[in-house]
Amino acid sequence: MIATIEVIEGGHGNSIQDRGRVGYRHMGIAVSGQLDAIFARCANALVGNAESAACLEMRATGPTLKVRAGALRVAMSGEVAATIQRPDGRQRRLAAWCSASLDNGDVLKIGAIAGGTAYLAVSGGIGVVPQLGSRSTYLRAAIGGCDGRLLAAGDSFPCRRLERDDLGEYRATPWRHDGGPIRAISGPQTDCFGLTALADFLAQPYTVSVESDRMGMRLAGPALAHRDADSADIVSDGVAPGAIQVPGDGQPIVLLADCQTVGGYPKIATVITADLCRLGQCRPGATIRFALVDLATAAALLAAREARWQHWRESIRGHLPLDYVDENALYRSNLIGGVLRAEP
Amino acid sequence: MPTSSQRFPPRLLPLGDSAWTVEFGERIDPSIHARVMGLGAALEKVRTVDPLFAQVLDIVPTFRSLTVHYDPLPGRGMALREALRQLAEGSGEATLAGRRWCLPACFDDDFAPDLSVLAERGGLSRTAVIQALLDCEFRVYMIGFMPGFPYLGDLPEALRAPRRRTPRQAVPAGSIAVAGQLCGVYPWASPGGWHLLGRTPVPLFVAGDVEPSLLAAGDSLRWRAVSRSAYEEVAADLRHGCRTRRDFEQARETV
């Protein structure tokens, strides 16, 4: 059964993203996908979706959405809040990290994003047609999402309609990313840099510049010296999200999900997979520090992160919504059946 | 100093915890690229049979190295590194086994704003520049910069020039451009700093196609000069489906 959501206002910086487009990088197609895969997973889990479901990534101002055919369930993750306006004029606030069911005519108005990235998941995932194996929006090639562009008024997309007796809501405590320095593995081009560059890179914090988007994040801080003038350019080789490339001015650029597949600046280090999601939460003006780890530590950190996420998912609890109660359906519902019926 | 790229032992460089770059040299050079493609072919062969390679997600050839992206979750990065090193040491050079393309190119003035500059620089006539380009059998070194953008080499010395001091804000789609030893084609309008010498009506990237990028690393390509009317005709035929992009692939020569 299909539900439909219509976009009333597109907001700013909002795009449909899933886990990314794998298997096309040899054609120059970026992997794309969610900048903060963990926050996206959290939102998906709160509406009962698989991790692979596409959700809405929000980077600046959230959109205003209207349910054209419901009911459906939504949940947000990140530093964001929304209001739900019912057709009868009732209004309630929806916080992140808990789900809400919306019916025909309900309007969800999502506010500004305080963190770097927030997500909206809808039941069944955003059902736009996948392109090249993914629903992720890739602006540069205008593929995925809604016609390969940011969300705009007039867009509409399908998701899964809720069963009539599916009434419970779900919530959990906000996910907290690891603190401390962003961890990276040195290389692949450490030999293009002067003897002190790596130490300089680790010694001082860097400030995230306003010149940042889904392709990369420019950093400002201590300039990193190349070995010599010729070493500031290399014959292009492969790059990946997390790679920290250093052009001639010595100011690092951390590549993100929409980055090119090859690049001609030397890369001093590459952020580990476990910490890529933390980059998604860095806003312009934020300061970050880096620390180096080896491959075994990176693998251990990733395994620990996955274990912690499983634990978080198991901590999701069902609860009854405070409003929008259909009493007949409530009595039929399995959710509270055990509570109302005297157990023998 | 090694005199042959064969003597340069492959270097295994970590690109974080989710990719290895296997590097065969530091220059743009057909023999280095042949080793890159040799490893690529060897990897494609074992990828489907050896479970260790099931973690491999993307294989990206570049001028001088092969980047192998993998899933870091199984924690088998070091085992993959060792397997790649062994493959790289044993794989040798691949002959240019890719497809052979002959694509139409129109050199009308408005398609080729930098033709005169390049001719002057090389001390050649405009016709001689075009002829030099038509004489090249290009190797597709890699696809990058933007989806479907091919890096083609190598240009003869007379056509080599550093990129423009001021990049253009908008290079039209289909533009054939050169810089240094390389020739490229902009799949769609984009800013760009290469010198524009002509235009092809054949789209290099079609998202809806089974193979969105027309060209792949290891293919070879020649340009065939066409008039403006032939250019328009090909463009219309492709738009209306009377021809497909595959029609410009040439049959393999039988030896």
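Owing to the predicted nature of the structure, the values given are computational and were not obtained by experimental measurement.

Novice: Lay out the overall build of chain A with the relevant residues and their values.
Specialist: A tally of regular secondary structure across chain A gives six helices and 23 strands. On C-alpha atoms alone, chain A measures out to a radius of gyration of 22 Å, which is about the 20 Å that the 2.2 N^0.38 rule sets for 344 residues. Judged by the C-alpha coordinates and their principal axes, chain A covers about 75 × 45 × 35 Å. Within the span of chain A, comprising 344 residues, buried residues form 55% of the whole. For chain A, the proportion of contacts with a sequence separation of at least 24, taken over those separated by at least 6, is 78%. Entry remark: accessible area of chain A is about 14,100 Å², with carbon and sulfur atoms responsible for 52%. Measuring between centres, the 35 positive side-chain charges of chain A sit 4 Å from its 35 negative side-chain charges.

Novice: Please provide a residue-by-residue account of helix H5 (residues 228-240) of chain B, values included.
Specialist: Each full turn of the α-helix corresponds to 3.6 residues, which orients residues three or four apart in the same direction. All names here are of chain B. A rise of 1.5 Å per residue sets the reference length of H5, with its 13 residues, at 18 Å; its end C-alpha atoms lie 18 Å apart and thus fit the reference within 8%. Of all the positions in H5, only Tyr231, Val234, Ala235, Ala236, Asp237 and Leu238 are classed as buried. Glycine 241 sits one or two residues past H5 and shows a positive phi near 80 degrees.

Novice: Describe unusual backbone geometry, naming the residues involved and giving the relevant values.
Specialist: Across the junction of glycine 70 of chain A and alanine 71 of chain A, the peptide omega takes the value 0 degrees, indicating a cis bond. Mapped onto the elements, alanine 71 of chain A comes out in the loop between strand E4 (64-69) and strand E5 (72-77). For the bond running from glycine 153 of chain B to aspartate 154 of chain B, omega is -5 degrees, close enough to zero to count as cis. Structurally, the position occupied by aspartate 154 of chain B is in the loop between strand E7 (150-153) and strand E8 (168-171). If you check the backbone angles, serine 32 of chain A has positive phi at about 55 degrees while not being a glycine. Its location among the elements puts serine 32 of chain A in the loop between strand E2 (12-17) and helix H1 (37-46).

Novice: I'd like a rundown of the sheet that holds strand E6 (residues 138-143) of chain B, residues and numbers included.
Specialist: Residues and elements named next belong to chain B. Sheet architecture is open: eight strands sit in the order E12-E9-E10-E7-E6-E13-E5-E14, paired in mixed fashion. Looking at strand neighbours, the two that pair on one side only are strand E12 (195-199) and strand E14 (249-250), the edges of this open sheet. With six bridges joining them, strand E5 (residues 100-105) and strand E13 (residues 220-225) adopt parallel strand pairing. Within the sheet, the bridge partner assigned to proline 104 lies in E13 and is arginine 224.

Novice: Now, about the pairing of strand E10 (residues 118-122) of chain A: what can you tell me, with residues and values included?
Specialist: Within a regular strand, side chains alternate between the sheet's two faces. Residues and elements named next belong to chain A. With five of five residues buried, E10 lies mostly within the body of the structure. Of the two faces of E10, the one lined by Ala118, Leu120 and Val122 and the one lined by Tyr119 and Ala121 are each fully buried. Where strand E3 (residues 55-61) lies against E10, three bridges are found, and the strand directions are antiparallel. Each residue of the ladder has a partner; that of methionine 58, found in E10, is alanine 118. Relative to E10, E5 runs antiparallel, the two being bridged by four bridges. Residue pairing in the sheet places methionine 76 in a bridge with leucine 120 of E10.

Novice: Please set out the nonpolar core residue by residue, giving values where relevant.
Specialist: Residue and element names in this part refer to chain A. Grouped together as the largest cluster of nonpolar side chains are 76 residues, with contacts concentrated most on Leu108, Leu120, Phe290 and Trp312. Per-element tally for this core: the top contributor is H1, with seven residues. Sequence-distant contacts of leucine 108, that is, excluding residues within four places in its chain, are made with Pro63, Thr64, Leu65, Val74, Ala82, Thr83, Ile84, Leu94, Leu102 and Leu120.

Novice: If you had to explain the environment of alanine 243 of chain A to someone new, which residues and values would you point to?
Specialist: Residue placement: alanine 243 of chain A occurs in strand E17 (residues 243-245). Alanine 243 of chain A sits in the buried class, given a relative accessible area of 0%. Between the C-alpha atom of alanine 243 of chain A and that of glycine 216 of chain A, which follows or precedes it by 27 residues, the distance is 9.5 Å. With sequence-adjacent residues up to four places away left out, alanine 243 of chain A is seen in contact with Ile253, Val254, Leu255, Lys267, Ala269 and Thr270 of chain A together with Leu15 of chain B.

Novice: How would you sum up the pattern of salt bridges? Please name residues and give values.
Specialist: All chains considered together, the criterion is met by 40 salt bridges over all chains. Residue arginine 90 of chain A pairs with aspartate 88 of chain A through a salt bridge whose shortest N-O separation is 3.0 Å. A relative accessible area of 38% places arginine 90 of chain A in the partly exposed class. Under the relative-accessibility criterion, aspartate 88 of chain A is labelled exposed at 55%. Between aspartate 108 of chain B and arginine 228 of chain B there is a salt bridge, and its shortest N-O distance comes to 3.2 Å. Residue aspartate 108 of chain B is found in the loop between E5 and helix H3 (115-122), and its partner arginine 228 of chain B is found in helix H5; the two are separated by 120 residues along the sequence. Using a relative accessible area of 29% as the deciding quantity, one classes aspartate 108 of chain B as partly exposed. Several salt bridges share partner residues, and in doing so they unite Asp178, Arg183, Asp275, Arg278 and Arg308 of chain A into one network.

Novice: Could you give me a rundown of the interface of chain B and chain A, with the residues and numbers involved?
Specialist: In many analyses, interface size is given as the accessible surface area lost on bringing the parts together. Taken together, the contact between chain B and chain A spans 42 residues of the former and 40 residues of the latter. Across the chain B to chain A interface the summed buried area is about 3,100 Å²; carbon plus sulfur atoms make up 64%. Interface area lost by chain B to chain A is led by Leu15, Asp17 and Asp58 of chain B, which between them contribute 18%. Our count for the contact surface shared by chain B and chain A stands at two salt bridges. Its salt-bridge partner being aspartate 58 of chain B, residue arginine 25 of chain A comes within 2.9 Å of it at the nearest N-O pair. Counting every contact that joins chain B to chain A gives ten residue pairs in polar contact (both at pLDDT 80 or more). If you list the elements that add at least two residues to the side of chain B that touches chain A, you get strand E1 (11-14), strand E2 (19-23), strand E3 (56-61), strand E4 (65-70), helix H2 (77-91) and E6 of chain B. The element best represented in the side of chain B that touches chain A is E3 of chain B, accounting for five residues. Here the side of chain B that touches chain A is composed, by residue class, of 23 nonpolar, twelve polar and seven charged.

Novice: Before we move on, could you go through the packing of H1 of chain A against helix H4 (residues 295-314) of chain A and cite the residues and values that matter?
Specialist: Helix packing geometry: the angle between the two helix axes and the distance between the axes. Residues and elements named next belong to chain A. Interaxial distance between H1 and H4 falls to 11 Å at its minimum, and their mutual angle equals 25 degrees. As judged from the angle between their axes, H1 and H4 are roughly parallel. At the point where H1 passes H4, the crossing takes the right-handed sense. Facing Ile38, Arg41, Cys42, Ala45 and Leu46 of H1, the residues of H4 in contact are Arg305, Glu306, Trp309, Trp312 and Arg313. Residue composition of the contact of H1 with H4, grouped by class: six nonpolar, no polar and four charged.

Conventions we followed
- Residues numbered from 1 in each chain as written.
- Chains lettered and ligands numbered in written order.
- Predicted model: local features only at pLDDT ≥ 70, side-chain atom pairs only at ≥ 80, totals over all residues.
- Heavy atoms only, no water.
- Helix = DSSP H or I, 4+ residues; strand = E, 2+ residues; numbered from the N terminus.
- Rg over C-alpha atoms; globule rule 2.2 N^0.38 Å.
- Buried < 20%, exposed > 50% of the residue type's maximum accessible area, 1.4 Å probe, protein only.
- Contact = heavy atoms within 4.5 Å.
- Areas by Shrake-Rupley, 256 points an atom, 1.4 Å probe, with all protein chains shown as cover.
- Lys, Arg positive; Asp, Glu negative; His and termini not counted.
- Charge placed at Lys NZ, Arg CZ, Asp CG, Glu CD.
- Expected span 1.5 Å × (residues − 1).
- Pairing = 2+ DSSP bridges.
- Core = buried A, V, L, I, M, F, W, Y, C linked by side-chain atoms within 4.5 Å.
- Salt bridge = Lys/Arg side-chain N within 4 Å of Asp/Glu carboxyl O.
- Buried area = accessible area lost by both parts, 1.4 Å probe.
- Polar contact = N/O pair within 3.5 Å; in protein donor to acceptor, adjacent residues only side chain to side chain.
- Nonpolar A, V, L, I, M, F, W, Y, C, P; charged D, E, K, R; others polar.
- Axes fitted to C-alpha atoms, helices over the stretch in contact; angles between N-to-C directions.
- Parallel < 35°, antiparallel > 145°, perpendicular 65-115°, else oblique.
- Left-handed = near helix turned anticlockwise from the far one by under 90°.

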